[in-house]
Amino acid sequence: MKEQFKKFLNEEQDPKAIEKITSKLTDLLMKGEEVGYIAVQKKPAITVFPDSIVLTNKRIIICKPKNLGLSMDFTDYTWDDIASTFVKENILGSEFSFGTKTDLAVSIDYIPKIQARKIYTYAKEQLDLLKNPVQTATPIQEIIEEEEPEVEDEIEEVETEEVTSFAEILPAAPVVTETYEPLPTQPTGERKLSDLSKEELFDKLQNYKKLLDNGLIMQGEYDAYKKEILSYM
């Protein structure tokens, strides 16, 4: 389990906080639930027991240590209950907040900026999945047109003779053609990345992620777009 969470130690997370959360999450995660990201609070002064926020594919979990770190409070909110998410970058870290459909506002401050951007992006992806669930493609049904009476007469005549070629008696298989929507091109009047706000840049990054998931752009193209957008944030 701990090996799974080593990937969350690359963006200024407190290793001790991650280790404590890891030991607790073992019993908290539901069947089929996977951790997408963990962000850890980092206050200007020394933070002995920082708050943390865990994002999974099913919910948001707020972790707050108590009793000098000997125990911890967990409060979770499923993605179905989340109405919106926000991130506000300050001089000393960022503040990540979200609102529920019952008008409850929850926030956690002093999150390092790169971690705040990651949890905001992950949260947007999960909310987009709820609004636009991935639908399985329906199988294409082959429609065989009725053969004209003249063709049937020809087939009956061939059956009385010696068959020398199957191509003479088998009807042509229907041709199924597939159409693909062209890859959307960037409008000529679109604003430059440098003119966009951080929230608009996040939305733009999500649009490219959707194109990647739908197979409309390659992974290399998405990585290039992502690198360019993050350079303006």
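Residues numbered from 1 in each chain as written. Predicted model: local features only at pLDDT ≥ 70, side-chain atom pairs only at ≥ 80, totals over all residues. Heavy atoms only, no water.

1. Some details on the packing of aromatic side chains
(1) Moving on: Under the counting rule described, the total for this entry stands at four aromatic pairs.
(2) Moving on: Relative to F98, the ring of F96 lies with its centre 6.3 Å away and its plane at 45°, an arrangement referred to as tilted. Across the pair, F98 and F96 agree in class, each one buried.
(3) Moving on: Each member of the aromatic cluster is reached from another via a ring pair, and the members are Y77, F96 and F98. (Phe/Tyr/Trp six-rings, centres within 6.5 Å; stacked < 30°, edge-to-face > 60°. Buried < 20%, exposed > 50% of the residue type's maximum accessible area, 1.4 Å probe, protein only.)

2. Structural notes on the environment of V40
(1) Moving on: By the secondary structure assignment, V40 is in strand β1 (residues 35–40).
(2) Moving on: Between the C-alpha atoms of V40 and Y110, which are 70 residues apart in sequence, the distance is 8.7 Å.
(3) Moving on: Non-local contacts of V40, meaning those with residues more than four positions away in its chain, are made with Q13, D14, A17, I18, P50, D51, S52, Y110, I111, P112 and Q115. (Helix = DSSP H or I, 4+ residues; strand = E, 2+ residues; numbered from the N terminus. Contact = heavy atoms within 4.5 Å.)

3. So, the nonpolar core
(1) Moving on: In terms of nonpolar packing, the biggest core is built from 32 residues, with I53, L55, I60, W79, F96 and F98 touching the most fellow members.
(2) Moving on: Listing elements by their share of this core, those giving two or more residues are β1, β2 (52–56), β3 (59–66), β6 (94–100), β7 (105–111), α2 (113–131), α4 (198–213) and α5 (219–230).
(3) Moving on: Each residue touching I53, except ones within four places of it in the same chain, is listed here: Y37, I38, A39, I60, I61, I62, F96, I108 and I119.
(4) Moving on: Of all hydrophobic cores here, the second largest spans eleven residues; its members include A17, I38, C63 and M72. (Core = buried A, V, L, I, M, F, W, Y, C linked by side-chain atoms within 4.5 Å.)

4. Notes on the pairing of β6
(1) Moving on: Burial runs high along β6: six of the seven residues are buried.
(2) Moving on: The sheet contact formed by strand β5 (residues 82–89) and β6 spans seven bridges and is antiparallel. Across the sheet, T85 pairs through a bridge with F98, a residue of β6.
(3) Moving on: Hairpin geometry of β5 and β6 is characterised by an intervening segment of four residues between the two adjacent antiparallel strands and by a positive phi of about 80° at G93.
(4) Moving on: The pairing of β6 with β7 spans five bridges and is antiparallel. Within the sheet, the bridge partner assigned to G99 lies in β7 and is A105.
(5) Moving on: Hairpin connection of β6 to β7: four residues between the antiparallel strands, including D103 at a positive phi of 65°. (Pairing = 2+ DSSP bridges.)

Shape is all these values report; function is a separate question.
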